[in-house]
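# Close look at the chain arrangement
Residues per chain are reported as follows:
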Amino acid sequence: MLAESPEGFAEEYAIHDYEGFDGYALSEYEGLERVQKIACFIDEYPDFGGELLNNFGGDLEEARTATEDNYCGCYKSLADFAEELTEDTTPIPENLAYYIDYERMGRDMELNGDIFTLETGYEKIHIFWNH
């Protein structure tokens, strides 16, 4: 790009349009190699890649670790996640099942820092472990 510039002394470039980066705001002077890595990450995780990068301040390694090691899945609500987690790990006696408040359990997991969430649309909450 710089070699083909009509200006003989062109030595700098700037990024002014970053459409397609899923809400991730590239720096104006982001290195092209890093832009390519970010684009590949977002392409690999199109549902939440850009938002996850924003969550980690652009740290690609932390975002990759979150997706590979800590991603729980996409749920309609925190309550759905809490219910699935509880029922998969603990036998619930039928006579107590109606007394469990999964909405509060999910909220408490988030408030306690056990999980963090990315809401990417209506009833689309991506949930990640925080540890």
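Below, the structure is looked at part by part. As the structure is a prediction and not an experimental result, all values here were calculated from the model.

Moving on, we come to the overall build of the chain. Looking only at helices and strands, one finds 5 helices and 3 strands in the chain. Here the chain displays about 8,900 Å² of accessible surface, and carbon together with sulfur accounts for 47% of that area.

As a packed pair, helix 4 (residues 78-89) and helix 5 (residues 102-111) sit with axes 7 Å apart at the nearest point and diverge in direction by 95°. One way to sum up the angle between helix 4 and helix 5 is to call them roughly perpendicular. Along the contact surface, helix 4 presents Leu-78, Ala-79, Phe-81, Ala-82, Glu-83, Leu-85, Thr-86 and Glu-87, while helix 5 presents Tyr-102, Glu-103, Met-105, Gly-106, Arg-107, Met-109 and Glu-110. Looking at the contact of helix 4 with helix 5 residue by residue, the class counts come to 8 nonpolar, 2 polar and 5 charged.

Glancing now at the pattern of salt bridges. Summed over the entire model, instances satisfying the criterion amount to 5 salt bridges. Here Glu-44 and Arg-64 are joined by a salt bridge, their closest N and O atoms 3.3 Å apart. Taken together, the residues span a long stretch of sequence, with Glu-44 in helix 1 (residues 32-44) and Arg-64 in helix 3 (residues 60-69) at a distance of 20 residues. Two residues, Arg-107 and Asp-108, come together in a salt bridge whose shortest N-O distance is 3.2 Å. Relative accessible area serves as the criterion here: at 34%, Asp-108 is assigned to the partly exposed category.

If you check which residues of helix 3 are buried, you get Leu-60, Ala-63, Ala-66 and Thr-67. The buried residues of helix 3 occupy one face: seen down the axis, they fall within an arc of 125°. In helix 3, the exposed positions angled more than 90 degrees off the buried face are occupied by Glu-61, Glu-68 and Asp-69. Buried-residue contacts for helix 3 involve helix 1, helix 2 (49-55), strand 1 (71-75), strand 2 (115-121) and strand 3 (124-129).

Quick look at the environment of Met-109 now. One can find Met-109 in helix 5. On the accessibility criterion, Met-109 (12% relative accessible area) is buried. Each C-alpha atom, one on Met-109 and one on Leu-78, is 8.9 Å from the other, the two residues being 31 residues apart in sequence. Once you skip the residues sitting within four places of it in the chain, Met-109 turns out to touch Phe-81, Ala-82, Leu-85, Asp-114 and Ile-115.

In this section: the environment of Phe-56. Relative to the helices and strands, Phe-56 is located in the loop between helix 2 and helix 3. Between the C-alpha atoms of Phe-56 and Ala-66, which are 10 residues apart in sequence, the distance is 9.6 Å.

Attention now moves to the side chain of His-126. Residue position: His-126 is located in strand 3. Of the polar contacts made by the side chain of His-126, one reaches the side chain of Thr-120; its length is 3.2 Å.

Our next topic: the sheet that holds strand 1. The sheet built from 3 strands is open, its strands ordered 1-3-2 with antiparallel pairing. Lying at the two open borders of the sheet, with one neighbouring strand each, are strand 1 and strand 2. Taking each pair of neighbouring strands and ignoring which way they run, the sheet shows an average axis angle of 20°. The pairing of strand 2 with strand 3 spans 6 bridges and is classified as antiparallel.

Calculation rules
- Residues numbered from 1 in each chain as written.
- Predicted model: local features only at pLDDT ≥ 70, side-chain atom pairs only at ≥ 80, totals over all residues.
- Heavy atoms only, no water.
- Helix = DSSP H or I, 4+ residues; strand = E, 2+ residues; numbered from the N terminus.
- Areas by Shrake-Rupley, 256 points an atom, 1.4 Å probe, with all protein chains shown as cover.
- Axes fitted to C-alpha atoms, helices over the stretch in contact; angles between N-to-C directions.
- Parallel < 35°, antiparallel > 145°, perpendicular 65-115°, else oblique.
- Contact = heavy atoms within 4.5 Å.
- Nonpolar A, V, L, I, M, F, W, Y, C, P; charged D, E, K, R; others polar.
- Salt bridge = Lys/Arg side-chain N within 4 Å of Asp/Glu carboxyl O.
- Buried < 20%, exposed > 50% of the residue type's maximum accessible area, 1.4 Å probe, protein only.
- Arc of directions from axis to C-beta.
- Polar contact = N/O pair within 3.5 Å; in protein donor to acceptor, adjacent residues only side chain to side chain.
- Pairing = 2+ DSSP bridges.

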